[in-house]
Amino acid sequence: MGEEKAEQEVANYRMVNTREGMHDGHHHGSSDSFFPGLIDDVALNCLARVSRSDYPSLSCINKRYHTLLNLKKSGSLYELRKQLGIVEHWVYLVCDPRGWEAFDPIRKRWMTLPKIPCDDCFNHADKESLAVGSELLVFGREMFEFAIWKYGLICRGWVKCEGMNHPRCLFGSGTCGSIAILAGGTDKNGKVLKSAELYDSSLGKWEILPNMHTQRKLCSGFFMDGKFYVIGGMSSPTVPLTCGEEYDLETRKWRKIEAMSPNVSGAAHAPPLVAVVDNQLYAVESLTNMVKKYDKVKNTWDELGRLPVRADSSDGWGLAFKACGGELLVVGGQRVPEGVAIVLNSWSPKSGVNNGNLDWKVLGVKENVGVFVYNCAVMGC
C-alpha cells in the first residue's frame, strides 16, 4: 500500500471521528483525547512509535484508543508506522500443543495468541508457516484437503485464508514486504511440483507464476537483492538436489544455478536452514553445526562459526534459523540451569567473526515447552 493510500486511510479515520463528534481538529477533553493538550496529528505520530506489545493495554484507556487500535479494516496506525519507517520484528513460534506464542525481543515479552479455530485433523497435522505483511499464515491439512489459516495483527484473530490455486505442502517460501512466493512441494496425492504461486497480503489473493525448471519438495526459499530464490530439496524420494533457482519478478523468468545448496540433503533431513540479512545469504550445515555465508560471485560457501545449539542430533528438524531485522536468529532446545528450554539466540553479522567464534546473545528463554520448535516465523511490522 503506497503513501497516498496510507494518508487517505488516516484521513478517513479522522473523518469518521469528526462525524461522531470525537474530533474537532483541535483539542479534546481528557476523557476522549489521545493526549490532553495535543492535536491528533502530533498525538498519532507519538502513538505510532509506541511498541505493538502495548496496544492491548492502550485500547482500554478510552473509546478513542479502543477504536483506533481495533480498526479491523483500515489499520490506519499500522499504515502510519509504515510511512514513518517504524518496524518491530516479533518472533512467532509453536513448541507444544498449547499453540502459537509471540515474542517481542525488545521488551522481552511473551504473548499467547488465540487458538486456531480449526478441526482436530488440522490441529494435529504437520504444518508450515510464514509471516507476510501484517499476517501470519499457517498451512496444514484438514480431513479432506489442505487449508490455510491466517492471524492478522490488526484484528488480532484467526480467519480462513483463500486457498492456493494448486494446494501443496513441503514447499519452499520467502516473503518480501506484503508479498510471499511459494514454490515446489507436493500435492495431496504426493506428486512433486515445479509450480509456484505469489500471495499478495494486501489483497488476500494468489497468483500463479511460471513453473520452475526442476520439480522439488522439502526445499527452502528466500528473497535476496529483490529476487526470489529456492534451493535444495528432493526431486523424488531418492534424488536430492544441490541446484537452486532464481526468479526475476520483472522478467517473470527462472534461472537455474548449479551447486547453490550449502549441503546435500537426504529424504530424512530437514529443508536447508537459510536466512538473509542485508541481502547476504547465510545457512546452517546441520552435520557440523556450522554457520556459513554464501559468496554470490564464486557461488561457494565460507564457514563462519558454530551454532549455539546442536542441529546434528535431529538432522536439522526442530530448529529455526531466521533473519530478525539485521541479525540472525537461532531458536532451539538448549540446556539451562533449570534443565532444558527453548532459547532464542541472535548474532549480528556486523559484529564480525572473532577467531572462528560468533558472539551469540540470548534474546529470550521459554521453559516448560519441550525442546522442539515445530514452526517459527519472524514478522516485521
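Residues numbered from 1 in each chain as written. Predicted model: local features only at pLDDT ≥ 70, side-chain atom pairs only at ≥ 80, totals over all residues. Heavy atoms only, no water.

Draft legend 1. Broad picture of the overall build of the protein chain. A tally of regular secondary structure across the protein chain gives 6 helices and 26 strands. Expressed as a percentage of the 381 residues in the protein chain, the buried residues total 53%. Sequence-distant contacts in the protein chain: of pairs separated by 6 or more residues, those separated by 24 or more amount to 50%. Summed over all atoms, the accessible surface of the protein chain reaches about 18000 Å², with 52% contributed by carbon and sulfur. (Helix = DSSP H or I, 4+ residues; strand = E, 2+ residues; numbered from the N terminus. Buried < 20%, exposed > 50% of the residue type's maximum accessible area, 1.4 Å probe, protein only. Contact = heavy atoms within 4.5 Å. Areas by Shrake-Rupley, 256 points an atom, 1.4 Å probe, with all protein chains shown as cover.)

Draft legend 2. Representation of the sheet that holds strand β26 (residues 375–380) within the structure. With antiparallel pairing, the 4 strands of this open sheet are ordered in space as β3-β2-β1-β26. Looking along the sheet, the strands with just one partner apiece sit at the ends: β3 (109–112) and β26. With strand direction ignored, the average angle separating the axes of adjacent strands in the sheet is 25°. For strand β1 (residues 89–94) and strand β2 (residues 101–104), the ladder comprises 3 bridges, and the chain directions are antiparallel. Looking across to β2, one finds that L93 is bridged to E101. (Pairing = 2+ DSSP bridges. Axes fitted to C-alpha atoms, helices over the stretch in contact; angles between N-to-C directions.)

Draft legend 3. How the structure looks around the nonpolar core. In terms of nonpolar packing, the biggest core is built from 35 residues, with L77, Y92, W100, L113, L136 and W158 touching the most fellow members. Elements supplying a minimum of two residues to this core: α2 (40–47), α3 (55–58), α4 (63–69), α5 (76–83), β1, β5 (135–141), β6 (146–152) and β26. Those residues in contact with W100 that lie beyond four places of it in its chain are Y92, L93, V94, T112, L113, I116, S129, L136, V138, W158, N375 and C376. In this structure, Y282, L304, V309 and L319 belong to the second largest nonpolar core, which totals 17 residues. (Core = buried A, V, L, I, M, F, W, Y, C linked by side-chain atoms within 4.5 Å.)

Draft legend 4. Structural detail: the pairing of strand β21 (residues 300–306). Direction of pairing for strand β20 (residues 290–295) relative to β21: antiparallel, over a ladder of 6 bridges. Bridging across to β21, V291 finds its partner in G305. The hairpin turn running from β20 into β21, its antiparallel successor, is 4 residues long, and N299 in that turn takes a positive phi close to 55°.

Draft legend 5. Structural detail: the sheet that holds β21. Reading across from one edge, β18-β19-β20-β21 is the order of the 4 strands in this open sheet, with antiparallel pairing throughout. This sheet does not close on itself; its edge strands, each paired only once, are β18 (273–277) and β21. Along the sheet, successive strands turn relative to each other by an average axial angle of 30°, direction set aside.

Draft legend 6. Broad picture of the pattern of salt bridges. This structure, assessed with the given rule, holds 20 salt bridges. For the salt bridge of E101 with K366, the shortest nitrogen-to-oxygen distance reads 3.1 Å. With E101 in strand β2 and K366 in strand β25 (residues 361–367), this pair connects stretches of sequence that are 265 residues apart. Close ionic contact of R255 with E246 constitutes a salt bridge, the shortest N to O distance being 3.2 Å. Among the residues examined, E246 registers a relative accessible area of 8% and is labelled buried. (Salt bridge = Lys/Arg side-chain N within 4 Å of Asp/Glu carboxyl O.)

Draft legend 7. Focus on the packing of aromatic side chains. Summed over all chains, the structure comprises 16 aromatic pairs. Between W90 and Y92 the ring centres are 6.5 Å apart and the planes differ by 40°, which places this aromatic pair in the tilted class. On the accessibility criterion, W90 (5% relative accessible area) is buried. With a relative accessible area of 1%, Y92 lands in the buried category. Taking the centre distance of 4.9 Å and the plane angle of 50° together, the rings of F372 and Y374 count as tilted. Accessibility expressed as a relative area gives 32% for F372, which makes it partly exposed. Following the ring pairs from residue to residue traces out a cluster consisting of F139, F171, Y199 and W206. (Phe/Tyr/Trp six-rings, centres within 6.5 Å; stacked < 30°, edge-to-face > 60°.)

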